[in-house]
Structures are given as structure tokens and as C-alpha cells.
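# Structure assessment
Residues per chain, in single letters:
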Amino acid sequence: MKDPILNDHNKDEFPPAHTAEHLLNQTMIRMFGCERAVVAHIERKKSKMTFLLDRKPDRKQEREIEQRMNQLIDDDLDVTCEYVDRDNLPEEIRLDRLPDDASDTIRLVRIGDYDVCPCIGKHVRSTSQIGKFELLGTNWDEHARTFRVRFKVVSK
């Protein structure tokens, strides 16, 4: 098959942190019933993601986020890509966050059976290559109902 034509990509992600972004999105969805992050700033040294939540997570839940993330990393889940036509997407895939001019061919990134979403960024081949997830801190904005998670990934 000829390589599909995708949208231009203007980022040069750090694959371990970018893959951790996918895991953290799904972890937050499963723990709090929220959507994927509304803001994500993913870097090699430190990253932050902001989620809309109906309540502030307590300290126990914050520790659980970190524990779940490191368990997923240790589970050594395969990270794979597949290309699908936008008219034949799996039911759980939403396109509302893609640019209006997104290509007809969509690249889906799967992390085991844990997460799947459209993405054209760089990823590791398996979660064990992420290293260790360290939760650096969180912030809660009561007025905006946003929960910011600051983290980094470090080599084991």
C-alpha cells in the first residue's frame, strides 16, 4: 500500500512523553468520566495537561493516577498505528478535535486495548519504553472546574 497522505505535522514530539499523554488521557477518562485534555503542553523535561472535571480529585486519587500510569507502562502494551478512511472510523473515534481540513485518511494510534485515538505524532513502540511517570503536582481551578496535571517521564 502506498503511504497515505496525512496532514502536515509541525511538532517534533518526544515520543515517551507523547505516548504518556495518550495513557494519561485515557486514565482520566476512566477514573473521572471526563473528556480528553482541553489543553496539553508536552515536552521532554516537563509536561502539563488540563482536564475539565466536575470535582477536585483528592490526594488518594492523585496517587492512584500515578500508580495506574506506572502500571500501564510496566504492562508493556504495544503501541500500533492503523490508517482508516474517515467515513469508516470505529464507533468510539471522534473527529471533533481534528482540524477542518483533516485528510480523508486518519491515522489511529492504539495502545494495547487501553486507548485509541487519531494522532499523527511520534510514539514509542511499547509502553515500557516510556520509562517512569512522575506526577510533579496538580492545580485545581474551582471557577473554571479545571484540573491541571504536571508530570515528567524519566528513563528507568
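The structure under discussion appears in the preceding block.
Scope of this entry: the structure provided in the associated data block.

The rules we used
- Residues numbered from 1 in each chain as written.
- Predicted model: local features only at pLDDT ≥ 70, side-chain atom pairs only at ≥ 80, totals over all residues.
- Heavy atoms only, no water.
- Helix = DSSP H or I, 4+ residues; strand = E, 2+ residues; numbered from the N terminus.
- Rg over C-alpha atoms; globule rule 2.2 N^0.38 Å.
- Buried < 20%, exposed > 50% of the residue type's maximum accessible area, 1.4 Å probe, protein only.
- Contact = heavy atoms within 4.5 Å.
- Areas by Shrake-Rupley, 256 points an atom, 1.4 Å probe, with all protein chains shown as cover.
- Lys, Arg positive; Asp, Glu negative; His and termini not counted.
- Charge placed at Lys NZ, Arg CZ, Asp CG, Glu CD.
- Axes fitted to C-alpha atoms, helices over the stretch in contact; angles between N-to-C directions.
- Parallel < 35°, antiparallel > 145°, perpendicular 65-115°, else oblique.
- Left-handed = near helix turned anticlockwise from the far one by under 90°.
- Nonpolar A, V, L, I, M, F, W, Y, C, P; charged D, E, K, R; others polar.

## Considering the overall build of the chain
- Of regular secondary structure, the chain possesses 2 helices and 7 strands.
- Written out in order from the N terminus, the α and β elements of the chain read α-β-β-α-β-β-β-β-β.
- Here the C-alpha radius of gyration of the chain, 16 Å, is about what a compact globule of 156 residues would show, namely 15 Å.
- When its C-alpha atoms are laid out on the principal axes, the chain stretches across 50 × 35 × 25 Å.
- The buried share of the chain, reckoned over its 156 residues, is 42%.
- Put simply, 65% of the contacts in the chain that link residues at least 6 apart link residues at least 24 apart.
- With an accessible surface of roughly 9400 Å², the chain has 44% of that area assigned to carbon and sulfur atoms.
- Placing the 27 positive and 30 negative side-chain charges of the chain at their respective mean positions leaves the two points 8 Å apart.

## Digging into the packing of helix α1 (residues 15-32) against helix α2 (residues 59-74)
- Two elements in contact, α1 and α2, have axes whose closest approach is 10 Å; the angle formed by their N-to-C orientations is 130°. Relative to α2, the element α1 lies oblique. Handedness of the crossing formed by α1 with α2: right-handed. Residues Ala20, Leu23, Leu24, Thr27, Met28, Arg30, Met31 and Phe32 of α1 touch α2, and the partners they reach there are Gln61, Glu64, Ile65, Arg68, Met69, Leu72 and Ile73.
- Among the residues making up the contact of α1 with α2, the classes are represented as 10 nonpolar, 2 polar and 3 charged.

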